[in-house]
Amino acid sequence: GGSSSAAPRGMNFYAFEAQWARHRGSGERVGLLRRVGAGSLPALFRESLDSELVASIAEVLSSEVSSGDGSGSDASREAAAFAADAMAALARTPRFDLSCQGLSRSERAVCLGLFDRLHECGACDAERWGELRQAYSEPEPSASAANEGSDEDDVEEPCEPPPRTE
C-alpha cells in the first residue's frame, strides 16, 4: 500500500479516461481505480469529473462488491473497503456537486444500493454510511424550490433605478 496521495506518475485524467474507455470489463476497471488509489481520485479528476464517470465507477465497484462470495473473505472485505474509500474520495472532488446533480434516478440508485451493501457487510459504519448517502442523495427539491421562488422576486426589481423620463 503506497501511502502517497499523488496520482501515479504519468497518469493524468486523459490517460485515465482513455484506459477507462478501453477497459470494458469491471475487473479491469477496478484494477485501474486501484492503481490510481482511492485517495488520489480527487487530484486526478479535479474539474473533469462528470456524472457519467461517477455512475460508471459506482457500477464497477458495485459489481465488484456484489461478486464477492459474501463469506466475509479478506478479498471481499478488501473490495468493500476500497469501494467505500473510492466513493468517499469522489465526493471530495471539486465539481462533485455538479456531477452528482447529473445522475439519473437509476444511476443514483446504484450508488445508494452500493452504500447499503457496504454498510451491511461492515465496510462502513453508520456515520460514514450516512455521509455517503447524504453526499450522493438527490438535492433537496423543497429547499431549492423555495430559494428559486425568492430569487424570482429579487429578479423582478431592477438593480439600478430605472432611467427617469423627463
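Given the structure is predicted, the values throughout are model-derived calculations rather than measurements.

**Comments concerning the environment of Ala84**
In step 1: Along the chain, Ala84 falls in helix H5 (residues 74-90).
In step 2: Remark: the alpha-carbon pair of Ala84 and Ala38, spanning 46 residues in sequence, is separated by 9.0 Å.
In step 3: Every residue in contact with Ala84, bar those within four places of it in the chain, is listed here: Leu118, Ala123, Arg128 and Leu132.

**Some points on the nonpolar core**
In step 1: Counting 41 residues, the largest nonpolar core has Phe16, Phe45, Met87 and Tyr136 as the members making the most contacts within it.
In step 2: Elements supplying a minimum of two residues to this core: helix H1 (13-22), helix H2 (26-36), helix H3 (41-45), helix H4 (51-67), H5, helix H6 (96-101), helix H7 (105-120) and helix H8 (126-136).
In step 3: Ranked by residue count, the leading element in this core is H5, at nine residues.

**Quick look at the packing of H5 against H7**
In step 1: Across the interface, H5 lies against H7 with an axial gap of 10 Å and an inter-helix angle of 135°. When the axis of H5 is compared with that of H7, the two are oblique. When you trace H5 past H7, the crossing you get is left-handed. Two secondary-structure elements touch here, H5 through Ala80, Ala83, Ala84 and Met87 and H7 through Cys111, Leu114, Phe115 and Leu118.
In step 2: In terms of residue class, the contact of H5 with H7 is made up of eight nonpolar, no polar and no charged.

**Things to note about the pattern of salt bridges**
In step 1: What the rule picks out here adds up to six salt bridges.
In step 2: Asp85 is the salt-bridge partner of Arg128, the closest N and O atoms lying 3.0 Å from each other. Remark: Asp85 occurs in helix H5 and Arg128 occurs in helix H8; sequence separation between them is 43 residues.
In step 3: Since its relative accessible area comes to 24%, Arg128 is described here as partly exposed.
In step 4: The exposure class assigned to Asp85 is partly exposed, which follows from its relative accessible area of 35%.
In step 5: One network of salt bridges, in which partners are shared, links Arg34, Glu64 and Glu78.

**Focus: the packing of aromatic side chains**
In step 1: Tallied over the full model, the rule gives six aromatic pairs.
In step 2: Summarising the aromatic geometry, the rings of Phe13 and Tyr14 are spaced 5.7 Å apart at their centres and angled 75° between planes, so their arrangement reads as edge-to-face.
In step 3: With centroids separated by 5.4 Å and ring planes inclined at 20°, the aromatic side chains of Phe16 and Trp20 adopt a geometry described as stacked. Residue Phe16 and its partner Trp20 are located together in helix H1, separated by four residues, close to a single helical turn.

About the cut-offs
Every chain is numbered independently, its residues counted from 1 as its sequence is written. Under the rules for a predicted model, residues below a pLDDT of 70 receive no local features and side-chain atom pairs below 80 are neither given nor counted, while totals for whole chains, interfaces and linings still include all residues. Heavy atoms from the whole structure form the basis of all side-chain values; hydrogens and water molecules are not counted. Runs of H or I in DSSP of at least four residues are treated as helices and runs of E of at least two as strands, each being numbered from the N terminus. When checking whether two residues touch, look at their non-hydrogen atoms; a contact exists if any pair is within 4.5 Å. Put simply, a nonpolar core is a bunch of buried Ala, Val, Leu, Ile, Met, Phe, Trp, Tyr and Cys residues held in one set by side-chain atoms that sit within 4.5 Å of each other. Note on exposure labels: buried denotes an accessible area under 20% of the residue type's maximum, exposed denotes more than 50%, and partly exposed covers the range between, all computed with a 1.4 Å probe on protein chains only. The convention used is that axes are lines fitted to C-alpha atoms, helices contributing only their stretch in contact, and that angles between N-to-C directions extend from 0 to 180 degrees. Roughly parallel means an angle under 35 degrees; roughly antiparallel, over 145; roughly perpendicular, 65 to 115; everything else is oblique. What makes a crossing left-handed is the near helix being turned counterclockwise from the far one by less than a right angle; a clockwise turn instead makes it right-handed. Classification used: nonpolar for Ala, Val, Leu, Ile, Met, Phe, Trp, Tyr, Cys and Pro, charged for Asp, Glu, Lys and Arg, polar for all others including Gly. Any Lys or Arg side-chain nitrogen located within 4 Å of an Asp or Glu carboxyl oxygen qualifies as a salt bridge. Note on aromatic pairs: the rings of Phe, Tyr and Trp (six-membered ring only in Trp) are paired at centre separations within 6.5 Å, and the planes decide the class, stacked below 30 degrees, edge-to-face beyond 60, tilted for the rest.

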